[in-house]
Amino acid sequence: MILFKNVRPVINGEIKEQCDISVESGKINKIAKNITDKADTSYDLKGGILASGYIDIHTHGGGGHDMMEGTKEALDAISEYHLNTGTTTYIPTTLTADIPTTLVAIENVKNYNSLYARTYGTHLEGPFISMKAPGAHPPAYILEPNAENTKWVWENKDIITRITVAPDQKSSDWFTKECTKNNIQISLGHDASIDDEINALTDNGASSVTHMYNCTSRCSRRTTPHKHLGLTEVGLTDDRLYNEVIADNRHVPNQLFKMIYKLKTADKICLVSDSLAIAGNKGGEFYLGSGVSKQRIVIEEDVAIIKELNTYAGSVTPISKMVINLHNNLNIPLGECVKMGSLNPAKVMNMTDRGDIQVGMLADFNLLDNNGNIISTYLGGIQVK
């Protein structure tokens, strides 16, 4: 048994009074005042803030590697990078590519046993996105979902846990319904859609918006003078939808985050890194994706850019730094910032065994100071950083 003495746990977004937490077989088995059970290992955290490990549901890479490389070495580097930044669970995310390349990448995750941060399936960010809003994704490999070109999705539903889908894609409502039936979470994004299309997917089970304000459609007209809401407006006002937010003060400036926070509250925001291979590295040449779909990325002013496209490619900021940014610069309560980086992503993905400090959940923790800085990290109750 492992015993954590004198901690202030973050539970459901609130920092609670000081208590003890005991861990058995990697899971929390007791939360109480002054636990006196004999422990094999005991940590006296002297009133420190103990938070659930961060969960990143949208990340392409880190530590010099991209998940599309399809190798164990790549996943080792990415997993180690995430654990070192306080993310204890992450979902490796694909870049739109040809199907054979994508299958190699997700099969690699399926066969992977991590020594570092835990993986939780894969996130397909494409190929079922819009040609009108590809962002950093190669348009040549974008597909409209149909019964034939989605067979590989159902064949790999044990490892594909979420998919970003553009509502303006033909048959996207059918595809969303089928994914929901197969327990694959649908996030809406990279789109040029209008409210009717968006509502159809949400009615069929879509539950989040991919990186809000980055390739999310806005209020517009189609063929008549009638104005339609876009994904940005629907995402901000539909209580069924969680909003992924890259809170690095670049993809979403802090003043814009204040508006999202006011509309969605801390209950419906998921912090995501959308991190790239270059995250955690200071120099060198890096790429988004791998093989024929890879694109060169550079860092300017703490954000990744594809210069040839004059667009942001993704983030180099881990969730832990976003928590610090939001707490210290926007004065959002630290417990709520933690919730946006741990419990909410767990809820989106229906992870019932992690994301909060509750009996029966994984003992994946970050010890924080009052500003949100990570002092130490624990995986299954064992200190790893």
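Now for a quick tour of the structure. (Residues numbered from 1 in each chain as written. Predicted model: local features only at pLDDT ≥ 70, side-chain atom pairs only at ≥ 80, totals over all residues. Heavy atoms only, no water.)

**Remarks on the environment of Val10**
Here is step 1: Positionally, Val10 belongs in strand β1 (residues 2-11).
Here is step 2: The class of Val10 is buried, set by a relative accessible area of 4%.
Here is step 3: Measuring from C-alpha to C-alpha, the distance between Val10 and Asn281 comes to 31 Å, with 271 residues separating the pair along the chain.
Here is step 4: Not counting chain neighbours up to four residues away, the residues in contact with Val10 comprise Ile15, Ile49, Leu50, Ala51, Gly335, Val338, Asp356 and Ile357. (Helix = DSSP H or I, 4+ residues; strand = E, 2+ residues; numbered from the N terminus. Buried < 20%, exposed > 50% of the residue type's maximum accessible area, 1.4 Å probe, protein only. Contact = heavy atoms within 4.5 Å.)

**Remarks on the side chain of Thr317**
Here is step 1: Position of Thr317 among the secondary structure elements: in the loop between β22 (311-314) and α8 (319-330).
Here is step 2: Once you skip the residues sitting within four places of it in the chain, Thr317 turns out to touch Asp248, Ser273, Asp302 and Met322.

**Considerations on the state of the cysteines**
Here is step 1: Taken as a whole, this structure holds zero disulfides when the rule is applied.
Here is step 2: Unpaired in terms of disulfides, Cys215 finds its nearest cysteine sulfur in Cys219, a separation of 18 Å.
Here is step 3: Residue Cys215 is classed as partly exposed on the basis of its relative accessible area, which comes to 29%.
Here is step 4: The closest cysteine sulfur to the non-disulfide-bonded Cys270 is located on Cys337, 14 Å from its own sulfur.
Here is step 5: Classification of Cys270 by relative accessible area gives buried; the value is 1%. (Disulfide = S-S within 2.5 Å.)

**What about unusual backbone geometry?**
Here is step 1: The peptide bond linking Gly126 to Pro127 adopts the cis configuration, its omega dihedral lying at 20°.
Here is step 2: Tracing the sequence through the fold places Pro127 in the loop between β11 (122-125) and α3 (151-155).
Here is step 3: A positive phi angle is found at Asn6, which is not glycine, with a value near 55°.
Here is step 4: Inspection of the secondary structure assignment puts Asn6 in strand β1.
Here is step 5: A positive phi angle, close to 60°, is found at Asn183, a residue other than glycine.
Here is step 6: Within the fold, Asn183 resides in the loop between α4 (172-181) and β13 (185-188).

**Quick word on the packing of helix α7 (residues 254-264) against α8**
Here is step 1: As a packed pair, α7 and α8 sit with axes 11 Å apart at the nearest point and diverge in direction by 90°. Put simply, α7 runs roughly perpendicular to α8. Where α7 approaches α8, its residues Asn254, Gln255, Phe257 and Lys258 are matched on the opposing element by Asn325, Leu326, Asn329 and Leu330.
Here is step 2: Of the residues belonging to the contact of α7 with α8, the class tally is three nonpolar, four polar and one charged. (Axes fitted to C-alpha atoms, helices over the stretch in contact; angles between N-to-C directions. Parallel < 35°, antiparallel > 145°, perpendicular 65-115°, else oblique. Nonpolar A, V, L, I, M, F, W, Y, C, P; charged D, E, K, R; others polar.)

**Here's the deal with the sheet that holds strand β19 (residues 286-288)**
Whether parallel or antiparallel, the strands of a sheet pair through hydrogen bonds between backbone atoms.
Here is step 1: Across the sheet, which stays open at both edges, the four strands sit in the order β19-β20-β21-β22 with antiparallel pairing between neighbours. Each end of this open sheet is capped by a strand with a single partner; those strands are β19 and β22. Looking at each pair of strands side by side, their axes are set apart by 55° on average, direction ignored.
Here is step 2: As judged from the three bridges shared by strand β20 (residues 295-300) and strand β21 (residues 303-306), these two strands associate in the antiparallel manner. Of the residues in β21, the one forming a bridge with Glu300 is Val303. (Pairing = 2+ DSSP bridges.)

**Here we look at the environment of Arg296**
Here is step 1: Within the element layout of this structure, Arg296 appears in strand β20.
Here is step 2: The spacing of Arg296 and Ile306 is ten residues in sequence and 6.3 Å in space, taken between C-alpha atoms.

**With respect to the side chain of Thr210**
Here is step 1: Mapped onto the fold, Thr210 is located in the loop between β14 (208-209) and β15 (220-221).
Here is step 2: Of note is the side chain of Thr210, whose polar atom sits 2.8 Å from the side chain of Ser187.
Here is step 3: Setting aside residues up to four positions removed in sequence, Thr210 forms contacts with His58, Glu125, Thr164, Ser187, Leu188, Gly189, Thr216 and Glu244. (Polar contact = N/O pair within 3.5 Å; in protein donor to acceptor, adjacent residues only side chain to side chain.)

**Structural notes on helix α9 (residues 334-341)**
Here is step 1: Burial runs high along α9: seven of the eight residues are buried.
Here is step 2: All of the buried residues along α9 are Leu334, Gly335, Cys337, Val338, Lys339, Met340 and Gly341.

**A look at the packing of α8 against α9**
Here is step 1: Axis separation between α8 and α9 bottoms out at 9 Å; the angle between their running directions is 150°. Taken together, α8 and α9 sit at an angle that is classed as roughly antiparallel. The handedness of the crossing between α8 and α9 is right-handed. Touching Ile319, Val323, Leu326 and His327 of α8 are Leu334, Cys337, Met340 and Gly341, all from α9. (Left-handed = near helix turned anticlockwise from the far one by under 90°.)

**Considerations on the packing of aromatic side chains**
Here is step 1: Summed over the entire model, instances satisfying the criterion amount to eight aromatic pairs.
Here is step 2: Measuring from ring centre to ring centre gives 5.0 Å for Phe4 and Tyr378, while their planes differ by 85°; the resulting arrangement is edge-to-face. With a gap of 374 residues between them, Phe4 in strand β1 and Tyr378 in strand β24 (residues 374-379) connect regions that are remote in the sequence. An identical accessibility class is assigned to Phe4 and Tyr378; each is buried.
Here is step 3: On the numbers, 5.1 Å between centres and 70° between planes, the contact of Tyr43 with Tyr378 is edge-to-face. Of the two residues, Tyr43 sits in strand β5 (residues 41-52) while Tyr378 sits in strand β24, which places them 335 residues apart along the sequence. By the burial criterion, Tyr43 is buried, and Tyr378 matches it.
Here is step 4: A network of ring pairs unites the aromatic residues Phe128, Trp152, Trp154, Trp174 and Phe175 as a single cluster.
Here is step 5: If you follow Lys268 out to its NZ or CZ, it ends over the ring of Tyr242, 4.0 Å from the centre. (Phe/Tyr/Trp six-rings, centres within 6.5 Å; stacked < 30°, edge-to-face > 60°. Lys NZ or Arg CZ within 6 Å of the ring centre and 35° of its normal.)

Such coordinate-based values are descriptive only and should not be taken to indicate function.
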